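What follows is the residue order along each chain.
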Amino acid sequence: MADKFTPFESKMVPFGVDNIDTDQIIPARFLKTISKDGLGDQLFYDWRYDASGAPKPDFVLNTPEAKTRQILVGGDNFGCGSSREHAPWALTQYGFRAVISTSFADIFKGNSLKNGLLPIVVPKDVHAWLFANPDAVLKVDLSTLTLPDGRTVEFPIDPFSQYCLREGVDELGYILHQEPAIATFEGERMGSLNTLG
Amino acid sequence: MKPRTIIEKVWDSHIVAEKPGAPSLIYIDLHLVHEVTSPQAFAGLRTRGLKVRRPDLTFATVDHSTPTTPRSFPIVDQIAATQVAQLETNAKDFGIPYFGFQSAHQGICHVIGPEQGLTQPGMTVVCGDSHTSTHGAFGALAFGIGTSEVEHVLATQCLLGRRSRTYEVRVDGTLKPGVTAKDIILALIARVGIGGATGCVFEYRGSAIGALSMEERMTVCNMSIEAGARAGLIAPDDTTYEFVAGRKFAPKGADWDAAVARWRQLPTDDGAVYDHTISIDASALEPMITFGTNPGMGISISGAVPDPASMSDPLERDSLIKALKYMDLEAGKPLAGHAIDVVFIGSCTNSRMSDLRAAASVLKGRKVSPKVRVMVVPGSQEIKRQAQAEGLDQIFRDAGAEWREAGCSMCIAMNGDQLQPGQYSVSTSNRNFEGRQGKGGRTFLASPLTAAASAVMGVVTDVRTLL
């Protein structure tokens, strides 16, 4: 079972850069690990630390309040590039539970949903409002974002992902239950399936 | 029946189950596994006590964190050595065919799949690597997945997924001398933008695509992800069948004839409708090069670095300003003539025989600039041997370039092959993100011809001046 999603409230960490790629979220040299752990400290490493490894004071994640906030607001096409799932692992280990943007790259979005990190797509005007008001407290539920003035913004999330997050359903468990269909499919295709030796 | 695109045909023929309210369950014909994105997936299998369902449809190799120094030396980086050893253990424990560090067939997973005949038309192919789209060159639906999905495929040979939108990329006309498959794809990404094809699968078609060799088609499909596309493919034709025929894992005899008959049904039906379409005139293309920090920031070699003042969208303008600052480039200036420190010829984009031959054709009888380090990294051990048999290694060495062992190398800079802070490279790889080729390094993406010409001149060079 995966952890069940629970609604939460948080202020935001605004990070107004478009096309933040997964090489920035977690540089490749940290992917030599065989574990999922310890990636939170390496999140945005090359933007976050100087050459000596000291935190850069002007970087958004190094402000005292960033560590207490669970929502990252990024620019358009967040998470593009490499398929590394280390990106959502690093983001969640840092403490984020949602990323808000105007769009997400496909693989990053899928990887995030499998790790309880909500990729929230909002219209441009809402996005601009969030950047102008990063200290506003947002209420995040599975398909809605509620702003302090009471406005509720619905965001697109497919019903199956919503169901998995709400119930803590683990996708692999769900697929394993479809064993009969998989066996039937393989049986029917055996004649034409390319067997690899 | 409604006319369908090849994208829909391959998808439809792999649906295992469809239930209301859930994504489709899709069967995977080939799963390529490498050392970086798989250890946590195998750990997951062990925790649950699961086996690999179809080790015969799974194939493992080491490429990302492996050194390209002579194989007689051990892997010095102990963290990388542990990761490589872990894949070896996993392959052995779960019964997966494996080309290890010392194998005569080791190579970049997207190079060896086609090389061994593992990649075939009409297949679904996945790998924990976004450049899996390379295999689309064979008319396979091939896409990158995360580590959770690697675990799903290992355990069930299936994935949950949704149909992507279809995106037709028509490329007609004849390429001019000095202009290559790499320039087609860089031009496409510059037009569509780095996120322009999110949610889509490209089908590349048209006379210029039909005229490409399989290796060139792989270069085009390889970079589909750099426009945001989930995959990119090319319908199989006689060029495809000639390439696949006789390879180790290709069907043989009557099975081959039956397979080709099946594959001939794959191309898009007349009258099929795409969700999006774009057309590119191949005859109007020039050699392309990127100037910025994502692959969509590309220009013709004769063009100038764009000016942020000309951008209307404030976030786009900020992105360009940030990119030019990182690259330390001046808006409005040409890139040609800009000094470089390193040339990297390799990666799953451009490390195959035709790429090495192209680079060698420029380097033959010339010397690389004394100011430039030039690394040539073949995509696989088989390519390395073939290149040596043709004497290409000697051409590279005589010119002053390094001839190295197979792997991803400086494309991802995980294995010690990397740029130093501030250095500029012309690279035949696929990503120019900040720090991608080494922290603080600056990458110009281009074709093997452009890379070789730049190596000789020591500055970004229009290869047509050397032809």
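This section reports on the structure supplied with the text. Computed from a prediction, not measured in an experiment: that's the story for all the values here.

1. As for helix H2 (residues 39–48) of chain B
All names here are of chain B. Here H2 has its buried residues at Pro39, Gln40, Ala41 and Phe42. Check the buried side of H2 and you find it contacts helix H3 (78–94) and helix H5 (147–156). Just beyond H2, the residue with positive phi is glycine 49, at close to 70 degrees.

2. Some points on the packing of helix H12 (residues 353–363) of chain B against helix H15 (residues 448–457) of chain B
Residues and elements named next belong to chain B. At their nearest, the axes of H12 and H15 sit 8 Å apart, and the two run at 30 degrees to each other. In terms of axis orientation, H12 runs roughly parallel to H15. Like other packed secondary-structure pairs, H12 and H15 cross with a definite hand, here right-handed. Contact residues: H12 offers Asp355, Ala358, Ala359, Val362 and Leu363, while H15 offers Pro448, Leu449, Ala451, Ala452, Ala453 and Val456. Split into classes, the residues belonging to the contact of H12 with H15 amount to ten nonpolar, no polar and one charged.

3. Notes on the pairing of strand S9 (residues 165–172) of chain B
Residue and element names in this part refer to chain B. Where S9 lies against strand S10 (residues 200–205), six bridges are found, and the strand directions are parallel. Note that in S10 the partner of arginine 170 across the bridge is arginine 205. Considered for its hand, the β-α-β crossover made up of S9, helix H6 (residues 181–192) and S10 is right-handed. Pairing between S9 and strand S12 (residues 276–281): six bridges, direction parallel. Paired with glutamate 168 across the two strands is threonine 277, which belongs to S12.

Scoring rules and cut-offs
Residues numbered from 1 in each chain as written. Chains lettered and ligands numbered in written order. Predicted model: local features only at pLDDT ≥ 70, side-chain atom pairs only at ≥ 80, totals over all residues. Buried ≥ 20, exposed ≤ 12 C-beta atoms within 10 Å, placed from the backbone. Helix = DSSP H or I, 4+ residues; strand = E, 2+ residues; numbered from the N terminus. Contact = placed C-beta atoms within 7 Å. Axes fitted to C-alpha atoms, helices over the stretch in contact; angles between N-to-C directions. Parallel < 35°, antiparallel > 145°, perpendicular 65-115°, else oblique. Left-handed = near helix turned anticlockwise from the far one by under 90°. Nonpolar A, V, L, I, M, F, W, Y, C, P; charged D, E, K, R; others polar. Pairing = 2+ DSSP bridges. Right-handed = clockwise from strand over helix to strand, strands pointing away.

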